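Listed here are the chains, written in short residue letters.
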Amino acid sequence: MALLSKKDRALILDPLADNNPITIQVLGICSALAITAQLKASIVMALSVLFVVSVGNVVISLIRNIIPSKIRIIVQLIVVAALVIIVDQVLKAYAYELSKQLSVFIGLIITNCIIMGRFEAFALANGPWRSFLDGIGNALGYSVILIIVGFFRELLGSGTLLGIQVLGDPITKTGLYAIGYENNGFMLLSPMALIVIGIIIWVQRSRNSKLIEEH
Amino acid sequence: MAKKTDSNLYTFLFAILMVVVVGSILAFVATALKPTITENQRFEKQQNILYAMGVNSNEGDNDVNFIPTDKVGQLFKEYIKKQLVIQGNKVTEDEEAYLIDLAKEEAQAKKAGYEKRLPLFVGEKDGKTYYIVPMRGKGLWDAIWGFMSFDENLVVQGVFFDHKGETPGLGANIKERFFMDDFKGEFILDENQNFASIKVAKGNNDPLNNRKEDNKVDALAGATITGNGVTAMIKNYLRIYLPHLKTLTK
């Protein structure tokens, strides 16, 4: 017997590819541009969003029948804000260096459209378990893109991965730098993240023509 | 019939209850984590100050490694002999001077009648005395700050810079070794012993920074505004500290 039913599996797998929150729904772009200059920051951001969406989805789903519909957006906001503050405090206490690096972007998780989008579109209408899976799925979809973008930007922009020099030393000219390779400083600027995401979208759509909108 | 969750009374009660519940959860989390967070901030300052006087855990040429947090409190006490607080013309000793927040002092100094409190540290390593001053300024996007240590001839012995949100790979490189190490040995006085500060200069024909008496270090390509911010920060703070440094080193 499979661990998850077919429908449940789709909740996790769909957002990874055919319904990816970043490349298909184009949500959560702001943070994808801002914090992906380094792989490490991308991973921590992905984990933080994973925590906030999945737990938030469960909370919203549990109280979905007692939320007054007039103030449901505000209730959703409070849930996100509370979870984000908890993530922020925990990072400050146990990963101080990283929390300094991510600084304002942790706070900005609140405005990440993916989270409010999942609360409104899924958690309000589904049970806690399915909402949890949906949260995990969407966060993973977001994470995959963030990590791909972070990987290329750090590799091409700084010549490092997770802070380790993988292409040689640019100052003493070893490895690739010995034959005249240079880091591309452009990759570290936010517009290049948009271009990398654009390339991912292009590749994805040319492999799967279902995704192309008809006009 | 309208659902019960649509009534105004219900909405109000729900909102009030929600705020109380969420508020208490957050208050609990904040109180529980506060000691660890404050401790982290203390350690960071101690690490930065020690780094500026050359007490660090660097191994490779590009490392910027601080003394580990479990040892830094102890070593800070060992190396830092005196912590002074300068307020106007008054100089006092204060064990907790390193906790002074320059940002807050600057904000308060805008009010009339408040002289900002400025910490100055006297450290000792291998029989040599170091005078360490903090500084704070603006980069391209946000705040930048640092510490700079001098010997008794007012020659720079080491610096530490940090920033809140400079561009990674460009302005953010002010906290990299190759930039910070450039300041070692620089003079802040010109040949006539007048205050000249240290400029982060472009195209100064001295990229390896062999001339230490020229009051210049080589700028970071692509980070002009951050570099200018560093220049301004150093100038602003050294101008205030110089008279005190001169008295101390006499």
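Located above this text is the structure these notes cover.
Residues numbered from 1 in each chain as written. Chains lettered and ligands numbered in written order. Predicted model: local features only at pLDDT ≥ 70, side-chain atom pairs only at ≥ 80, totals over all residues. Heavy atoms only, no water.

A.B. asks: Where do I start with a positive patch on the surface in this structure?
C.D. replies: A surface patch of like charges, here positive, comprises K199, K216, K235 and R239 of chain B. Structurally, K216 of chain B can be placed in strand β8 (residues 216-218). (Patch = residues over 30% accessible without salt bridge, like charges linked within 9 Å, V, L, I, M, F, W, Y side chains within 5 Å. Areas by Shrake-Rupley, 256 points an atom, 1.4 Å probe, with all protein chains shown as cover. Salt bridge = Lys/Arg side-chain N within 4 Å of Asp/Glu carboxyl O. Lys, Arg positive; Asp, Glu negative; His and termini not counted. Charge placed at Lys NZ, Arg CZ, Asp CG, Glu CD. Helix = DSSP H or I, 4+ residues; strand = E, 2+ residues; numbered from the N terminus.)

A.B. asks: Before we go on, may I ask you to explain the environment of K71 of chain B in this structure?
C.D. replies: Mapped onto the fold, K71 of chain B is located in helix α2 (residues 69-79). Linking K71 of chain B and V159 of chain B, residues 88 residues apart in sequence, is a C-alpha distance of 21 Å.

A.B. asks: Please clarify how the sheet that holds strand β2 (residues 90-93) of chain B should be interpreted in this entry.
C.D. replies: Pairing between the strands of a sheet is mediated by backbone hydrogen bonds and can be parallel or antiparallel. Residue and element names in this part refer to chain B. Strand order in the open sheet formed by six strands is β2-β1-β3-β4-β5-β6, with antiparallel pairing between adjacent strands. Lying at the two open borders of the sheet, with one neighbouring strand each, are β2 and β6 (156-163). Mean inter-strand twist for the sheet, computed between neighbouring axes without regard to direction, equals 25°. Looking at chain direction, strand β4 (residues 128-138) and strand β5 (residues 143-150) are connected through eight bridges and run antiparallel. Residue P134 lies in a different strand from β5, and its bridge partner there is F147. Of the strands in this sheet, β1 (80-87), β2, β3 (117-125), β4, β5 and β6 touch helix α5 (residues 224-249), which is tilted by about 140° from β4. (Pairing = 2+ DSSP bridges. Axes fitted to C-alpha atoms, helices over the stretch in contact; angles between N-to-C directions. Contact = heavy atoms within 4.5 Å.)

A.B. asks: Would you explain the interface of chain A and chain B in this entry?
C.D. replies: Interface size is commonly expressed as the accessible area that is lost once the parts come together. Taken together, the contact between chain A and chain B spans 27 residues of the former and 28 residues of the latter. Between chain A and chain B lies a buried interface of about 2400 Å² when both sides are counted; carbon and sulfur atoms form 68% of it. Remark: the boundary between chain A and chain B carries five residue pairs in polar contact (both at pLDDT 80 or more). Residue assignment for the side of chain A that touches chain B shows that the elements contributing at least two residues are α4 (72-94) and α5 (96-107) of chain A. When the residues that make up the side of chain A that touches chain B are grouped by side-chain class, the tally is 18 nonpolar, five polar and four charged. (Buried area = accessible area lost by both parts, 1.4 Å probe. Polar contact = N/O pair within 3.5 Å; in protein donor to acceptor, adjacent residues only side chain to side chain. Nonpolar A, V, L, I, M, F, W, Y, C, P; charged D, E, K, R; others polar.)

A.B. asks: Teacher, can you tell me more about the pairing of β3 of chain B here?
C.D. replies: Remember that side chains alternate between the two faces of the sheet whenever the strand is regular. Residue and element names in this part refer to chain B. Burial within β3 is extensive, with seven of its nine residues counted as buried. When β1 meets β3, the two strands line up antiparallel, connected through seven bridges. Within the sheet, the bridge partner assigned to I86 lies in β3 and is L118. Judged from the five bridges that link them, β3 and β4 form a sheet pairing that is antiparallel. When the sheet's bridge partners are listed, K125 is paired in β4 with K128. Taking the residues that link successive antiparallel strands as the turn, the β3-β4 hairpin has two residues, and the phi of D126 there is positive, at about 50°. (Buried < 20%, exposed > 50% of the residue type's maximum accessible area, 1.4 Å probe, protein only.)

A.B. asks: Help me understand the layout of surface pockets in this model?
C.D. replies: Computed from the structure, the second largest pocket encloses a volume of approximately 920 Å³. Listed by contribution, the elements that provide at least two residues to the lining of the second largest pocket are α4 and α5 of chain A together with α1 (8-52), α3 (102-109), β3, β4 and β5 of chain B. Among the elements that make up the lining of the second largest pocket, the one with the highest residue count is α1 of chain B (six residues). (1 Å grid on protein atoms, 1.4 Å probe; cavity = no way out; pocket = protein on both sides within 12 Å on 5 of 7 lines; lining within 4 Å. Points joined across faces, edges and corners; volume = space filled by probe spheres on them.)

A.B. asks: Would you take a moment to explain the pattern of salt bridges for this structure?
C.D. replies: One side chain can pair with another of opposite charge once the charged atoms of both are near each other. Residues and elements named next belong to chain B. Within this structure, the stated rule accounts for nine salt bridges over all chains. A salt bridge links E96 to R42; its shortest N-O distance comes to 3.6 Å. A residue pair is termed long-range when its members are at least 10 positions apart, and E96 in the loop between β2 and α3 and R42 in helix α1 qualify at 54 residues. In this structure, D162 and K175 form a salt bridge, with 3.4 Å as the shortest nitrogen-oxygen distance. Note that D162 is positioned in strand β6 and K175 in the loop between β6 and α4 (177-180), a separation of 13 residues in sequence. Residue classification places K175 among the partly exposed positions, given a relative accessible area of 23%. Overlapping salt bridges bring together R177, D181 and K184 as one network.

A.B. asks: Mind showing me how you'd approach a nonpolar patch on the surface here?
C.D. replies: All names here are of chain A. Among the surface-exposed residues, I43, L47, I147, L162, I164 and V166 lie close enough to one another that they form a single nonpolar patch of about 500 Å² accessible area. Position of I147 relative to the elements: it lies in helix α7 (residues 128-158). Taking relative accessible area as the criterion, I147 reaches 33% and is therefore assigned partly exposed.

A.B. asks: So what exactly am I meant to see when it comes to the packing of aromatic side chains here?
C.D. replies: In this description, a pair of aromatic rings is defined by centroid distance and the angle of the planes. Under the defined criterion, the tally for this structure stands at twelve aromatic pairs over all chains. Taken together, a centroid distance of 6.1 Å and an interplanar angle of 25° make the contact between W129 of chain A and F132 of chain A stacked. With a gap of three residues between them, W129 of chain A and F132 of chain A both fall in helix α7, about one helical turn apart. Using a relative accessible area of 49% as the deciding quantity, one classes W129 of chain A as partly exposed. Relative to F152 of chain A, the ring of F151 of chain A lies with its centre 5.3 Å away and its plane at 85°, an arrangement referred to as edge-to-face. Owing to a relative accessible area of 38%, F152 of chain A belongs among the partly exposed residues under this scheme. The rings of Y51, F66 and F160 of chain B are connected pair by pair, giving a single aromatic cluster. (Phe/Tyr/Trp six-rings, centres within 6.5 Å; stacked < 30°, edge-to-face > 60°.)

A.B. asks: Got a minute to help me understand the nonpolar core in this structure?
C.D. replies: Taken as a class, soluble globular proteins show a tendency for nonpolar side chains to be buried jointly. Within the largest apolar cluster, 58 residues are counted, with the highest numbers of intra-cluster contacts made by M148, F161 and F183 of chain B. Residue contacts for F183 of chain B: discarding those within four places in its chain leaves M148, V156, V159, F161, I198, V200, V217, V230 and I234 of chain B. Among the nonpolar cores identified, the runner-up in size contains 47 residues, and V80, I109 and M187 of chain A together with M18 of chain B belong to it. (Core = buried A, V, L, I, M, F, W, Y, C linked by side-chain atoms within 4.5 Å.)

A.B. asks: For this particular structure, what's the right way to read the pairing of β1 of chain B?
C.D. replies: All names here are of chain B. Two strands pair when backbone bridges link them, and β1 and β2 are joined in this way by four bridges, in the antiparallel orientation. Residue L84 lies in a different strand from β2, and its bridge partner there is E93. Here β1 folds back onto β2 in antiparallel fashion, the turn holding two residues, of which G88 has a positive phi close to 65°.

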